[in-house]
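A closer look at the structure
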Amino acid sequence: MDFSTHSKSELQTLLKSLKSYRALEKFVGKRGRAIFARTQSGMKLYRVEYFGEENRAILEPIVISAYTHHFGDTIDTKNIEWKRNDAIHGGIRIFSGDDMVDISFQEVKNRLKR
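Residues numbered from 1 in each chain as written. Predicted model: local features only at pLDDT ≥ 70, side-chain atom pairs only at ≥ 80, totals over all residues. Heavy atoms only, no water.

**Let's talk about the overall build of the chain**
How we decide: Labels follow the DSSP assignment, with helices taken as runs of H or I lasting at least four residues and strands as runs of E lasting at least two, numbered in each case from the N terminus. Atoms considered for the radius of gyration are the C-alpha atoms alone. The globule rule reads 2.2 Å times the number of residues to the power 0.38. Burial classes follow relative accessibility: with a 1.4 Å probe on protein chains only, a residue under 20% of its type's maximum area counts as buried, one over 50% as exposed, and anything between as partly exposed. When checking whether two residues touch, look at their non-hydrogen atoms; a contact exists if any pair is within 4.5 Å. Here the open area of atoms and residues is found with the Shrake-Rupley method and a 1.4 Å probe, where only the protein chains shown may cover a residue. Neither His nor the chain termini are counted; the positive set is Lys and Arg, and the negative set is Asp and Glu. One atom stands in for each charge, and that atom is NZ of Lys, CZ of Arg, CG of Asp or CD of Glu.
Of regular secondary structure, the chain possesses 4 helices and 4 strands. Its C-alpha atoms give the chain a radius of gyration of 19 Å, clearly above 13 Å, the size a compact globule of 114 residues would have. Summarising its shape, the C-alpha atoms of the chain cover approximately 60 × 30 × 25 Å along the three principal directions. Put simply, the chain has 114 residues, and 27% of those count as buried. The long-range fraction of contacts in the chain, counting pairs at least 24 apart against all pairs at least 6 apart in sequence, stands at 55%. Element-wise, carbon and sulfur atoms account for 55% of the exposed surface of the chain, whose accessible area totals about 8400 Å². Of the side-chain charges in the chain, 20 are positive and 15 negative, and the distance between the mean point of each set is 7 Å.

**Quick notes on the side chain of glutamine 106**
Definition in use: Distance and chemistry together define a polar contact, namely a pair of N or O atoms within 3.5 Å, with one atom able to donate a hydrogen and the other to accept it when in protein, and with adjacent residues in sequence counting only for side-chain atoms on both sides.
When you line up the elements, glutamine 106 lands in helix 4 (residues 105-113). A distance of 3.2 Å separates polar atoms of two side chains, one belonging to glutamine 106 and the other to histidine 89. Beyond its immediate stretch of four places on either side in the chain, glutamine 106 contacts Ala87, Ile88, His89 and Arg93.

This is how it looks when you write it as structure tokens:
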């Protein structure tokens, strides 16, 4: 690869990306590769944790409404990763990057303990 055809700012951007990739792979492992690919492509991935055997068709409108209400943005349902989590004791949690909307009974229980 001939680096003489790239400008200094392009090389600095490439170096920053490589450092980010190395850090993600070191701290997150294989999942870091997927995170890096998403950040490079600009695609957002949303994770929804839900309780029990609820039907996703029932939960989808709730997730869309809660996300829009909390973040003021729309959510692309094709990019939702569904994960069952019985520890939340009902309700849902929506993750968007580092942000989370927690509408679970476990959250209510924790708040009542305080």
